[in-house]
Amino acid sequence: MEKYDVVAMGELLIDFTQNGYSDRGNPVFEANPGGAPCNVLAMLQKLGRKTAFIGKVGQDGFGYQLEKALKETGIATEGLRFDKEVHTTLAVVQKKEDGDRDFSFYRKPGADVMLRMEEVREDLIQNAKIFHFGSLSLTDEPIRKATQRAVQAAKNAGIWLSFDPNLRKPLWESEALAKEQIRYGLKHCHILKISDDELVWLTGERDHDKAVEQLRAEFPVPLILLSMGKEGSRAYCGGQTAEMASFLNENTIETTGAGDTFMGCMLHQVLSKGYQGLSRQEMEEMLAFANAAASIITTRRGALRVMPEEEEIKGVLEYNGKS
């Protein structure tokens, strides 16, 4: 069977992103393929990696649109399931005045939540180098048990595990449940990508370095990647810490998918360099590459279908004297 670099599991949905106004002054929304795990895979595909997705969509127009988008992107779809009863999950993404995003989900339930344990293609996971997952597949049953089975399959096969909490508070029954399930992810990963907001929420500590120290005391994750939006990013590996400023782009229109683009680039480099024993210089180079890609995606609507090419990323690095 074909060997995959990264297999990801979780939500595949339609992001309705605002794209101007109609003649009557009503907001116009564009149906963009989305979902963090597949955004990560789409970036990896652009960098020449082989990827596969495990998840569920509705047997409806949006579900078929999403399947088509994955195939066009090159992401293997053998692990994609269709639900006859429950519709494809939808998210409405609106931009707040400060430029951040506000998510409204149509997911009570949505098809992504309906993936069952027995529908998980464990053979795909066993033939990968990295298994990537997030917390949206831990919010509800039956996908929570399906995710736990997938994680166990990865561990049994000695696969590297990568986790991104990607916290969306409205999707959780309570913050206590969110913390409990995100802690499950922290317990079972070698590579963690976490945002500054999530880090503060989880630890209650506003100093990022102290918060990471607190996290590592309980969960000795070998490689922690911290995304800080406009403030750039940091990486923590062993005793080494690295930081890289962001490449702010005056053409930024929205930040949807920026963290996923960053993560796709980091996993691409982890596949080459590993996740242990990285030097500060190696991590700085990795962060610069990932930050450059993230700055490009903020100038485009959607994410999955518009990931940057490697040459574009290198162009940003050269322009900023980082090549």
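Before any of the text, the structure's been laid out above.
Keep in mind that what you see is a predicted model, and the values were worked out from it rather than measured.

What follows is about the overall build of the chain. Assigned secondary structure in the chain consists of ten helices and 13 strands. Here the C-alpha atoms of the chain give a radius of gyration of 18 Å, agreeing with the 20 Å that 2.2 N^0.38 yields for 323 residues. Referenced to the eigenvectors of the C-alpha coordinate spread, the extents of the chain come out at roughly 50 × 50 × 40 Å. Among the 323 residues that make up the chain, the fraction classed as buried is 56%. In the chain, the share of contacts with a sequence separation of at least 24, taken over all contacts with a separation of at least 6, comes to 71%.

In this section: empty space enclosed by the protein. Enumeration over the complete set of coordinates arrives at one cavity of 30 Å³ or more. Each pocket or cavity is described by its volume, and for the largest cavity that value is around 50 Å³. As for the largest cavity, its lining consists of Glu-11, Ala-36, Pro-37, Val-40, His-132, Phe-133, Gly-134, Ser-135, Leu-136, Asp-164, Asn-166 and Asp-260. Those elements that provide at least two residues to the lining of the largest cavity are helix H1 (36-46) and strand S8 (128-134). Residue composition of the lining of the largest cavity, by class: five nonpolar, four polar and three charged.

Now for the side chain of His-208. Within the secondary structure, His-208 is located in helix H7 (residues 208-218). The exposure class of His-208 is buried, given its relative accessible area of 18%. Beyond its immediate stretch of four places on either side in the chain, His-208 contacts Asp-196, Leu-199, Val-200, Leu-226, Met-228, Arg-234 and Tyr-236.

What follows deals with the nonpolar core. Formed by 57 residues in total, the largest nonpolar core has its most connected members in Leu-12, Leu-223 and Ile-313. A total of eleven residues in this core trace back to one element, the largest contributor, which is helix H9 (residues 280-297). The contacts of Ile-313, once residues within four sequence positions are left out, are Met-43, Leu-47, Cys-265, Phe-289, Ala-292, Ala-293, Ile-296 and Pro-308. By size, the runner-up hydrophobic cluster in this structure holds 45 residues, among which are Leu-161, Leu-167, Trp-201 and Phe-219.

Most of strand S11 (residues 223-227) is tucked away, with five of its five residues classed as buried. Where burial is concerned, the two faces of S11 agree: the one with Leu-223, Leu-225 and Ser-227 and the one with Ile-224 and Leu-226 are both buried. As defined by bridge partners, strand S10 (residues 191-195) adjoins S11 across five bridges and the pair is classed as parallel. Its bridge partner being in S11, Lys-193 is matched across the sheet by Leu-225. Here S11 folds back onto strand S12 (residues 233-237), and the loop between the two strands holds five residues, one of which, Gly-229, carries a positive phi near 60°.

The rules behind these values
- Residues numbered from 1 in each chain as written.
- Predicted model: local features only at pLDDT ≥ 70, side-chain atom pairs only at ≥ 80, totals over all residues.
- Heavy atoms only, no water.
- Helix = DSSP H or I, 4+ residues; strand = E, 2+ residues; numbered from the N terminus.
- Rg over C-alpha atoms; globule rule 2.2 N^0.38 Å.
- Buried < 20%, exposed > 50% of the residue type's maximum accessible area, 1.4 Å probe, protein only.
- Contact = heavy atoms within 4.5 Å.
- 1 Å grid on protein atoms, 1.4 Å probe; cavity = no way out; pocket = protein on both sides within 12 Å on 5 of 7 lines; lining within 4 Å.
- Points joined across faces, edges and corners; volume = space filled by probe spheres on them.
- Nonpolar A, V, L, I, M, F, W, Y, C, P; charged D, E, K, R; others polar.
- Core = buried A, V, L, I, M, F, W, Y, C linked by side-chain atoms within 4.5 Å.
- Pairing = 2+ DSSP bridges.

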